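Topology and contacts: notes
Residue strings, one per chain:
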Amino acid sequence: MSLTVGTILIADDEPDILEFLRYNFESAGYLVHTAADGESAIALAMKEKPQLIILDVMMPGMDGIEVCRLLREKPEFEDCIVIFLTARNEDYSEIAGFTAGADDYVTKPIRPRVLITRIKSMLSRKQTGNSERRIIKVGATTLDVERMLVYKSGKHINLPKKEYELLYLLLSDPGKTFTREEIYRKVWGTDIVVGERTLDVHIRKLREKLGDEEILTMKGVGYRYNHR
């Protein structure tokens, strides 16, 4: 039984390139999935959760840049490596690849040994970096502590600094009831005087963005995050 060293998704509308890359990566020990268009690539990515995705930029319909942008909006693909395939006559600086979330690009014609070596190096660096990455996930809410990003059901939620710090505190121990005094001390500090209703306003805004059922009021005590 062979050992799989990683899972790769390749999307390209040229069958010869798909077969060429599949053969070389499978020979190197990778589990390979292929797609011939952007929509199929997204569906396969959602199903298989590959560690690395190779996207042809100039696919018909939904191109590689749009596929990358849509996947990067989902928290489960923030750490996935994305590499674009481009033709030599394409000006990569003008196709907005990196702004869409790409990690690297490769120009055609492809040299398989060089590409496999590069990918092995990228996966190794990614695994080393992720060992210190902290993700908090409670129910449908995901908080990326390192990047200070919040997602609800895969959708990015934009939070001001204090709302983020309040949510981070509640998520740090879901199910625990934090007293109002404890929240003021840990989020606003002891040197800042805040109004009596400040906490209530921030809780209301969080509920508007995350849902009323996420943060529970413990009357006369404080608040806790629903850890159902």
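For the structure itself, look to the data block above.
Bear in mind that the values here come from a model prediction, so they are computed numbers and not experimental data. (Residues numbered from 1 in each chain as written. Predicted model: local features only at pLDDT ≥ 70, side-chain atom pairs only at ≥ 80, totals over all residues. Heavy atoms only, no water.)

1. Section: the nonpolar core
Applicable threshold: Residues grouped as a nonpolar core are buried Ala, Val, Leu, Ile, Met, Phe, Trp, Tyr and Cys residues, joined through side-chain atoms within 4.5 Å. Think of it in three bands: residues with accessible area under 20% of the maximum for their type are buried, residues over 50% are exposed, and the middle band is partly exposed, with areas taken using a 1.4 Å probe on protein chains only. The numbering of helices and of strands both runs from the N terminus, where a helix is a DSSP run of H or I of at least 4 residues and a strand a run of E of at least 2. Two residues qualify as a contact provided that any one of their heavy atoms is within 4.5 Å of a heavy atom in the partner residue.
By size, the foremost hydrophobic cluster in this structure holds 24 residues, and its most contacted members are Val150, Leu166, Leu167, Ile183, Leu199 and Tyr225. If you list the elements that add at least two residues to this core, you get strand E6 (135-138), helix H5 (161-172), helix H6 (180-188), helix H7 (198-210) and strand E12 (222-225). When residues of this core are assigned to their parent elements, the largest contribution, six residues, is made by H5. With sequence-adjacent residues up to four places away left out, Leu167 is seen in contact with Leu143, Val150, Leu159, Leu206, Leu210 and Tyr225.

2. What about the packing of H6 against H7?
Stated formally: For helices, the fitted line uses only the C-alpha atoms of the stretch in contact; every axis is such a line through C-alpha atoms, and the angle between N-to-C directions lies from 0 to 180 degrees. Between 65 and 115 degrees an angle is taken as roughly perpendicular, under 35 as roughly parallel, over 145 as roughly antiparallel, and anywhere else as oblique. Each residue is assigned to one class: nonpolar for Ala, Val, Leu, Ile, Met, Phe, Trp, Tyr, Cys and Pro, charged for Asp, Glu, Lys and Arg, and polar for all the others, Gly among them.
At a minimum axis separation of 11 Å, H6 and H7 run at an interaxial angle of 80°. When the interaxial angle is binned, H6 and H7 end up roughly perpendicular. Residue-level contacts link Arg180, Ile183, Tyr184 and Trp188 of H6 to Thr198, Leu199, Asp200 and His202 of H7. Residues that form the contact of H6 with H7 fall into these classes: four nonpolar, two polar and two charged.

3. Section: the packing of H5 against H6
What counts, and what does not: Here is the rule for handedness: rotate from the far helix to the near one, and if that takes an anticlockwise turn smaller than a right angle the crossing is left-handed, while a clockwise turn gives right-handed.
Between H5 and H6, the least distance of the axes is 10 Å, while the angle of their chain directions is 125°. Between H5 and H6, the angle is such that the two are oblique. In the packing of H5 onto H6, the handedness of the crossing is right-handed. In this structure, H5 uses Lys162, Glu165, Leu166 and Leu169 to contact H6, whose residues at the interface are Ile183, Lys186, Val187 and Trp188.

4. As for the pairing of E12
Quick reminder of the rule: For two strands to be treated as a pair, DSSP must find no fewer than two bridges joining them.
Side-chain alternation along E12 places Gly222 and Arg224 on one buried face and Tyr223 and Tyr225 on a second face that is also buried. Here strand E11 (residues 215-218) runs beside E12; their pairing, made up of four bridges, is antiparallel. Across the sheet, Ile215 pairs through a bridge with Tyr225, a residue of E12. In sequence, E11 turns back onto E12 through a hairpin of three residues, with Gly220 there showing a positive phi of about 80°.

5. So, the packing of aromatic side chains
Here is the rule we go by: Ring pairs are drawn from Phe, Tyr and Trp, using the six-membered ring of Trp, whenever the two centres fall within 6.5 Å, and their geometry is named by plane angle: stacked under 30 degrees, edge-to-face over 60, tilted for the rest.
In total, this model carries three aromatic pairs according to the counting rule given. Centroid distance Tyr164 to Tyr168: 6.4 Å. Interplanar angle 5°. Geometry classified as stacked. On the criterion of helical spacing, the pair formed by Tyr164 and Tyr168 is a turn pair, its members being four residues apart in helix H5. Judged by its relative accessible area of 7%, Tyr164 is buried. For the pair Tyr184 and Trp188, a centre-to-centre distance of 5.5 Å together with 50° between the ring planes defines the contact as tilted. Linking Tyr184 with Trp188, this pair stays in helix H6, spanning four residues, or about one helical turn. In this pair, the class of Tyr184 matches that of Trp188, namely buried.

6. A few points about the sheet that holds strand E10 (residues 178-179)
Pairing is antiparallel across the open sheet formed by three strands, whose spatial order is E10-E12-E11. The open sheet has two free edges, formed respectively by E10 and E11, since each of these has just one partner strand.

7. A short note on the pairing of strand E3 (residues 52-56)
Note the cut-off: We call a crossover right-handed when, viewed with both strands directed away from the observer, the connection leading from the first strand over the helix to the second proceeds clockwise.
With five of its five residues buried, E3 lies for the most part within the structure. Note that strand E1 (residues 6-11) and E3 share four bridges and pair parallel. Looking across to E3, one finds that Ala11 is bridged to Leu55. In this sheet, strand E4 (residues 81-86) lies alongside E3 in parallel orientation, the contact comprising five bridges. By the bridge assignment for E4, Leu55 is matched with Phe84. Considered for its hand, the β-α-β crossover made up of E3, helix H3 (residues 64-72) and E4 is right-handed.

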